[in-house]
Amino acid sequence: MQDVFVCPSGNMLDNWKKAFPKAVVTSSSKAIPTNKPILIWVQANADNKAWLDDVMVDLFDLVNTNKIVVLANTPNQSDALAAMTRGVVGYCHAYSPPSLLKGLKTVVMHGGIWLGQDLLKTLMSATKTIVHNSPNNVAKALALLTTREKQAALEAAEGLSNKEIARKLNITERTVKAHISSALEKLNVKDRLQLALVLNEKMDATKQRTLH
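Residues numbered from 1 in each chain as written. Predicted model: local features only at pLDDT ≥ 70, side-chain atom pairs only at ≥ 80, totals over all residues. Heavy atoms only, no water.

**Q** Explain the pattern of salt bridges residue by residue, including any values.
**A** Enumeration according to the criterion identifies three salt bridges in this entry. Here D3 makes a salt bridge to K105, at a shortest N to O gap of 2.7 Å. You can see D3 sitting in strand β1 (residues 2-6) and its partner K105 sitting in helix α4 (residues 98-109), a full 102 residues away along the chain. With a relative accessible area of 16%, K105 lands in the buried category. Residue E155 is joined to K168 by a salt bridge in which the shortest nitrogen-to-oxygen separation is 3.4 Å. Of this pair, E155 sits in helix α7 (residues 147-156) while K168 sits in helix α8 (residues 162-169), and the two are 13 residues apart along the sequence. (Salt bridge = Lys/Arg side-chain N within 4 Å of Asp/Glu carboxyl O. Helix = DSSP H or I, 4+ residues; strand = E, 2+ residues; numbered from the N terminus. Buried < 20%, exposed > 50% of the residue type's maximum accessible area, 1.4 Å probe, protein only.)

**Q** Would you mind going over the nonpolar core in detail, with residue names and values included?
**A** By size, the foremost hydrophobic cluster in this structure holds 23 residues, and its most contacted members are I165, L195 and L199. Going through the elements one at a time, α6 (135-143), α7, α8, α9 (173-187) and α10 (192-199) are the ones with two or more residues in this core. Among residues more than four places away in sequence, those in contact with I165 are A152, E155, A156, L160, V176 and R192. (Core = buried A, V, L, I, M, F, W, Y, C linked by side-chain atoms within 4.5 Å. Contact = heavy atoms within 4.5 Å.)

**Q** Describe in detail the confidence of the model for the chain, supporting the description with residues and values.
**A** In the predicted model, the chain carries a mean pLDDT of 80, and 77% of its residues have values of at least 70. In the model of the chain, helix α11 (residues 203-211) stands out as the element of lowest mean pLDDT, 46, in contrast to helix α1 (residues 14-19), which has the highest, 95. In this model residues 202-212 is a low-confidence stretch, pLDDT under 50, and it forms 19 contacts with partners more than four residues away in sequence or in other chains. (pLDDT = per-residue confidence, 0-100.)

Okay, structure coming up:
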């Protein structure tokens, strides 16, 4: 899928170039091709709010055939939630490292949603009060995983980052990533938010049984 960056200056940031060397950039939503699916990356700059508002109106008309990611210069939860309610599938800092941007693309291309860590934790906490899975369903889901996959998945479902999980379980971040990826595949979920929806009922008690 073609990457198209939309920003007021019409210039690519260095981290964008390193992540997607073949991407194109434009300052106008009118220049976005409509004859093929694309991943649209929009820079949200507080200094150019009028430009952003105009661009987003046009882009949301394309949301049915394309995916939109917002790259915020100064990320905040209220803006992220507002973007998500309009159909945006990703939200992160505009100056995120290339490896993170590549990971974001992989997640959204597979149908997942990418959020900042703070917002993700907020939404995961909210799921515990509005979504209720039976203990039996949670147990069945966990039975599909290895011991280490269970441990990593339960921590991820509470909003911990790979680095935090690695430190807590005394394993490498690469190993955590492998465990989480395997758990997502086995449970047939696309991202960590969906993982939380599957595992949130009786989370604390289940985790205690799993970890001890």
